[in-house]
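Analysis of the macromolecular model
So you can see what is in the structure, the chains are spelled out below.
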Amino acid sequence: MRPPKLALVTALAAGALSACGAGSGVTINLYVSPENNLQHVVDACTAAANGRYRIVYHKLPRSADGQREQMVRRLAAEDPSLDVLGLDVTWVPEFAEAGWVVPWTGAAEAEATRDVLPGPLSTARWNGKLYAATKHTNVQLLWYDDRLTPSPPKTFDDMIAQAKALKAAGKPGNVLFTGAQYEGLVVFYNTLVASAGGHILSDDGKSVLMDEGAVRALEVLKTLTTAGVTDPSLGNAKEDEVRQAFQRGQGALELNWPYVYASYAKEKPRDLAHVRWARYPSVVPGRPSRVTIGGFNLAVSTYSPHKAEAFEAALCLRSPASQQFQAIEDGLAPTTRSVYDDPALAAKFPMKPDILAALADAAVRPLTPAYQNLSTVISKVLSPPSAIDPEQTAAELRDRLTDALNSRDIIP
């Protein structure tokens, strides 16, 4: 069997697109968040270009806010050294409206949309145009250790009850999730809202609703964080703190992204056989959960002097072969449907059926150019979650999100 990295190079070389333009010696600068094995994909795509261009991977800060800030500042200055941009799925409307990224058209658009799952694809479009190519997607799962939890809870009420029973028995029972004041808390709340059948904004993204489902989500968040089943450090918990706490045995139930499995396999392989996963618990009994889509898309900068090569490079970086490699090595969920059928994923990405099931009815965060403003407000108002008063908090969110949509008074 071919080593994964060699297989990646071979697959990309075999499937390399014909040149979209000349460009001997051209450098394509890729700006995206740090990913453990993305450099191998970059090297393979550079090899597949056969000398027409080389891709240089510039790692942005780990935090989403830091990534966005660095790119926004340089794009506002019309920096020509930015070619391919790794955009969080919430940034596409903002970057498109600002004129910082160019639409995908023709053969490039056809290739970028071929066999892509509908949910992830919706995050790459704005106002009927494709502004990015989907690189990988993400949906959170419920993670548990079968030595503590023989069967996963079906609802949030069940989850809290199981956690209380474990703690009463002197065992680790905390529910671990992203409770810090940042985007992770917004993602968690958006999942609760969608799972309750609610809406934060109207479908066109132009007005604030905060309907009954949104209020119900506040009630669930309040109950979860006052039931005695969360750690005192919840207010500082981001994705990796949550992952590490679970690996250290400081919690029984973890709500987090699929990379949890790859990290566990690398760092605690002897216990991997006991790691289990399931779909997110339901907020409303009888109504399946709807989990918020995460992931990244690749866009081409308006100010790139090498757009033809940038489009070609982006297509290679998110090709089926690249997605398969990063699913196996990094636990990143593919956006291309056929990749899930590859037998090579079975051993190292065994959660793929559950991810596909969650993606079939996933939720997206409100699509609006003002999303960053909304996120800032939501994370501030919801922190700390234990202080939530559902009706009062909903009223505050209605007022402050309306201001955020109109770029008024958004600084906490």
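Quantities reported herein were computed from a predicted structural model and do not represent experimental measurements. (Residues numbered from 1 in each chain as written. Predicted model: local features only at pLDDT ≥ 70, side-chain atom pairs only at ≥ 80, totals over all residues. Heavy atoms only, no water.)

Thoughts on the overall build of the protein
- Per the secondary structure count, the protein includes 17 helices and eleven strands.
- By the compact-globule yardstick of 22 Å for 412 residues, the protein fits well, its C-alpha radius of gyration being 21 Å.
- Its C-alpha atoms give the protein principal-axis dimensions of roughly 65 × 55 × 30 Å.
- The burial tally for the protein puts 56% of its 412 residues in the buried class.
- Long-range contacts, defined as pairs at least 24 residues apart, comprise 74% of the intrachain contacts of the protein with a sequence gap of at least 6. (Helix = DSSP H or I, 4+ residues; strand = E, 2+ residues; numbered from the N terminus. Rg over C-alpha atoms; globule rule 2.2 N^0.38 Å. Buried < 20%, exposed > 50% of the residue type's maximum accessible area, 1.4 Å probe, protein only. Contact = heavy atoms within 4.5 Å.)

Topic: helix α13 (residues 320–330)
- Across the eleven residues that make up α13, a large majority, eight, are buried.
- All of the buried residues along α13 are A321, S322, Q323, F325, Q326, A327, I328 and D330.
- Backbone geometry just after α13 places G331 at a positive phi near 70°.

Let's talk about the state of the cysteines
- Tallied over the full model, the rule gives one disulfide.
- Here C45 connects covalently by a disulfide to C316, the sulfurs 2.2 Å from one another. On the sign convention where negative is left-handed, the bridge of C45 and C316, at about -95° about the S-S bond, is left-handed. Of the two residues, C45 is situated in helix α2 (residues 38–48) and C316 in helix α12 (residues 307–317); the sequence distance between them amounts to 271 residues. Grouping residues by exposure puts C45 and C316 together as buried. (Disulfide = S-S within 2.5 Å.)

Digging into the nonpolar core
- Counting residues in each nonpolar core, the largest one holds 79 residues, and the members touching the most others are F156, Y189 and L397.
- It is helix α9 (residues 212–225) that contributes the most residues to this core, seven residues altogether. (Core = buried A, V, L, I, M, F, W, Y, C linked by side-chain atoms within 4.5 Å.)

Thoughts on the pairing of strand β2 (residues 53–59)
- The pairing of strand β1 (residues 26–32) with β2 spans seven bridges and is parallel. Bridge pairing links I28 to I55 in β2.
- Following the chain from β1 across α2 to the adjacent parallel β2, one finds a crossover that is right-handed. (Pairing = 2+ DSSP bridges. Right-handed = clockwise from strand over helix to strand, strands pointing away.)

Quick look at the pairing of strand β9 (residues 253–256)
- Where burial is concerned, the two faces of β9 agree: the one with L253 and L255 and the one with E254 and N256 are both buried.
- Summarising the sheet, strand β7 (residues 141–145) and β9 pair through four bridges and their orientation is antiparallel. Paired with L142 across the bridge in β9 is L255.
- When strand β8 (residues 175–176) meets β9, the two strands line up parallel, connected through two bridges. Within β9, the residue paired with L176 across the bridge is E254.

Thoughts on the pattern of salt bridges
- The final tally for this structure, using the stated rule, is 18 salt bridges.
- Among the ionic pairs, E312 bridges to R52, the shortest N-O distance being 2.7 Å. With E312 in helix α12 and R52 in the loop between α2 and β2, this pair connects stretches of sequence that are 260 residues apart.
- Residue R52 is classed as buried on the basis of its relative accessible area, which comes to 18%.
- K268 is the partner of D271 in a salt bridge, and the nearest nitrogen-oxygen pair spans 3.8 Å.
- Exposure remark for K268: the relative accessible area of 27% places this residue in the partly exposed category.
- One network of salt bridges, in which partners are shared, links D145, R147, K268 and D271. (Salt bridge = Lys/Arg side-chain N within 4 Å of Asp/Glu carboxyl O.)

Structural notes on the environment of E267
- Inspection of the secondary structure puts E267 in helix α11 (residues 259–267).
- What makes E267 partly exposed here is its relative accessible area of 46%.
- For the pair E267 and Q244, spaced 23 residues apart in sequence, the C-alpha to C-alpha distance is 9.9 Å.
- Residues contacting E267, with those up to four places away along its chain left out, are R243 and Q247.

Quick word on the confidence of the model for the protein
- In the predicted model, the protein carries a mean pLDDT of 93, and the fraction of residues at 70 or more is 94%.
- Long-range and interchain partners of residues 16–23, a stretch whose pLDDT sits below 50, account for 16 contacts in this model, where long-range means more than four residues apart. (pLDDT = per-residue confidence, 0-100.)

Points about the layout of surface pockets
- A volume near 1,400 Å³ is recorded for the largest pocket.
- Lining the largest pocket are 40 residues, with P34, R62, E239, D240 and Y259 positioned closest to its centre.
- Breaking the lining of the largest pocket down by element, the ones donating at least two residues are α3 (64–76), β6 (133–138), α8 (183–195), α10 (239–247), α11, β11 (294–300) and α13.
- Per-element tally for the lining of the largest pocket: the top contributor is α11, with seven residues.
- There is about 430 Å³ of room inside the second largest pocket.
- Lining of the second largest pocket is provided by 19 residues; of these, H199, L201, D203, V364 and P366 occupy positions nearest its centre. (1 Å grid on protein atoms, 1.4 Å probe; cavity = no way out; pocket = protein on both sides within 12 Å on 5 of 7 lines; lining within 4 Å. Points joined across faces, edges and corners; volume = space filled by probe spheres on them.)

Some remarks on unusual backbone geometry
- Cis geometry marks the peptide bond from S383 to P384, where omega comes out at -10°.
- For P384, the location among the structural elements is in the loop between α16 (371–381) and α17 (390–405).
- Positive phi, normally seen in glycine, also occurs at N127, with a value near 50°.
- Within the secondary structure, N127 is located in the loop between β4 (125–126) and β5 (129–130).
- The phi torsion at M210 lies on the positive side, around 45°, for a residue other than glycine.
- If you trace the backbone, M210 turns up in the loop between α8 and α9.
- A relative accessible area of 1% means that M210 is categorised as buried.

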